[in-house]
Amino acid sequence: QVELVESGGGLVQAGGSLRLSCAASGSGFRAGFGIHTMGWYRQAPGKQRELVATITSGGSTNYADSVKGRFTISRDNAKSTVYLQMNSLKPEDIAVYYCNAHIPGTRPEYGYWGQGTQVTVSS
């Protein structure tokens, strides 16, 4: 049984920071955590889910233009955890943030998803 559990969401003022965490469980998955591409996606009310950032097994990162320079994705394979440091938050960052894990070369939507964590930014 694979489970991705996000934490760290909440309410913050514009310009503030939050750090999201996504911890993976399931002994088989944790053993192979390091090979997965990990990512954060978000879905705002009335909008489609969109990519925020991804990090490969080798540590290569990719960011949406809207978060470049403000957000940083990182991973700790020993802890089977991926993080998203969010700085200089804006009201347009309000969304439910989802963690994703997928095998390189496959589509993220066919991978594993967390249940989501709400991020709210007050102006």
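Look a little higher up for the structure.
Given the structure is predicted, the values throughout are model-derived calculations rather than measurements.

Student: Would you explain the sheet that holds strand 3 (residues 18-25) in this entry?
Tutor: Within a sheet, neighbouring strands are paired by backbone hydrogen bonds and run either parallel or antiparallel to one another. Pairing in this open sheet of four strands is antiparallel, and the strands run 1-3-8-7 from one edge to the other. Each end of this open sheet is capped by a strand with a single partner; those strands are strand 1 (3-7) and strand 7 (71-76). Adjacent strand axes in the sheet meet at a mean angle of 15° when their direction is disregarded. Pairing of strand 7 with strand 8 (residues 81-86), which is carried by six bridges, proceeds in the antiparallel orientation. From the neighbouring strand, Thr-72 faces strand 8, where its bridge partner is Gln-85.

Student: Sorry if this is basic, but what is going on with the environment of Leu-84 here?
Tutor: Position of Leu-84 relative to the elements: it lies in strand 8. On the basis of relative accessibility, which here comes to 0%, the residue Leu-84 falls in the buried class. Separated by 26 residues in sequence, Leu-84 and Tyr-110 place their C-alpha atoms 22 Å apart. Apart from the residues lying within four places of it in its own chain, the contact partners of Leu-84 are Leu-18, Arg-19, Leu-20, Trp-40, Val-52, Ala-53, Phe-71, Thr-72, Ile-73 and Tyr-97.

Student: How do you make sense of the environment of Cys-22 when you look at a structure like this?
Tutor: Inspection of the secondary structure puts Cys-22 in strand 3. C-alpha separation for the pair Cys-22 and Gly-8, spaced 14 residues apart in sequence, amounts to 8.9 Å. Setting aside chain neighbours within four positions, we find Cys-22 in contact with Leu-4, Val-5, Glu-6, Trp-40, Ser-80, Thr-81, Val-82 and Cys-99.

Reading the values: rules and limits
Numbers given for residues are sequential positions, taken from 1 along each chain in its written order. Side-chain atom pairs in this predicted model are given and counted only at pLDDT of 80 or more, local residue features only at pLDDT of at least 70, and totals for whole chains, interfaces and linings cover all residues. The side-chain values count all of the structure's non-hydrogen atoms but skip hydrogen atoms and water molecules. When DSSP locates at least two bridges between a pair of strands, those strands are taken to pair. To qualify as a helix, a DSSP run of H or I must reach at least 4 residues; to qualify as a strand, a run of E must reach at least 2; elements of each kind are numbered from the N terminus. Axis lines are fitted to C-alpha atoms, over the contacting stretch for helices. Their N-to-C directions set the angle, which ranges from 0 to 180 degrees. In this scheme, a residue with accessible area under 20% of its type's maximum is buried, one over 50% is exposed, and one in between is partly exposed, where area comes from a 1.4 Å probe on protein chains only. The contact rule is simple, with two residues in contact once any of their heavy atoms fall within 4.5 Å.

Everything listed here is a matter of geometry and, on its own, says nothing about what the molecule does.
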